[in-house]
Amino acid sequence: TGSDDKTAKLWCLDSGRCVRSLRGHRAEVVGATFSPVAKAIVTASMDGTVRLWSAVAWETVRTFRLDSNVLCAGFSPNSQAIVIALKDGTARVWSVEAGRCMRILRGHDGPVRSAAFSPA
């Protein structure tokens, strides 16, 4: 889960207790997603960053800095790319390994609230 308290939390469904808190964002966390194939988590924040976390060491592996509020982020099916939805009306595809933007998708007249890769 992501929260206005600037954290993402992982929960145990059996007990309902928080088992891990991911800290580092400077504004609310608006999304958290597990990688479909790697032991990683991506978090999206209104601080203009997306963080890639190790789901083993529980620390930030890479921070993607953007020039707009981030509204959503998610992994490609092979976890080699992240798509990021932004308040500025764009979605951007970033290389996880290189840490750089590979493509900017333009065409919306308002904020892009969600973005996802096709599973196939």
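Before going into details, it helps to say that this report is about the structure given with it.

Thresholds applied
- Residues numbered from 1 in each chain as written.
- Predicted model: local features only at pLDDT ≥ 70, side-chain atom pairs only at ≥ 80, totals over all residues.
- Heavy atoms only, no water.
- Helix = DSSP H or I, 4+ residues; strand = E, 2+ residues; numbered from the N terminus.
- Rg over C-alpha atoms; globule rule 2.2 N^0.38 Å.
- Buried < 20%, exposed > 50% of the residue type's maximum accessible area, 1.4 Å probe, protein only.
- Pairing = 2+ DSSP bridges.
- Axes fitted to C-alpha atoms, helices over the stretch in contact; angles between N-to-C directions.
- Core = buried A, V, L, I, M, F, W, Y, C linked by side-chain atoms within 4.5 Å.
- Contact = heavy atoms within 4.5 Å.
- Phe/Tyr/Trp six-rings, centres within 6.5 Å; stacked < 30°, edge-to-face > 60°.

Bringing the overall build of the protein into the picture now. Looking only at helices and strands, one finds zero helices and ten strands in the protein. Ordering the α and β elements of the protein from the N terminus gives β-β-β-β-β-β-β-β-β-β. Over its C-alpha atoms the protein spans a radius of gyration of 14 Å, differing by no more than 12% from the 14 Å that the globule rule assigns to 120 residues. For the protein, the C-alpha atoms occupy an extent of roughly 45 × 30 × 25 Å along the three principal directions. By the burial criterion, 42% of the 120 residues in the protein qualify as buried.

The four strands are arranged E3-E4-E5-E6 in an open sheet whose pairing can be described as antiparallel. A single partner strand is all that each edge strand has here, and the edge strands are strand E3 (29-34) and strand E6 (60-65). Each adjacent strand pair in this sheet contributes to an overall mean axis angle of 15 degrees, direction not counted. Sheet topology places strand E4 (residues 40-45) next to strand E5 (residues 49-54); five bridges connect them, and they run antiparallel.

Turning our attention to the nonpolar core. With 15 residues, the main nonpolar core has Val50, Leu66, Val70, Ala73, Ile82 and Ile84 as its most contacted residues. Elements with a contribution of two residues or more to this core: E4, E5, strand E7 (70-75) and strand E8 (81-86). In this view, leucine 66 contacts Gly48, Val50, Ile84, Leu86, Arg92 and Trp94; residues no more than four positions away in its chain are not counted.

Throughout the structure, instances matching the rule amount to one aromatic pair. Measuring from centroid to centroid gives 5.4 Å for phenylalanine 64 and tryptophan 94, while their planes differ by 80 degrees, and the two rings are edge-to-face. Here tryptophan 94 lies in strand E9 (residues 91-95) and phenylalanine 64 lies in strand E6, a separation of 30 residues in the sequence. Side by side, phenylalanine 64 and tryptophan 94 carry an identical accessibility label, which is buried.

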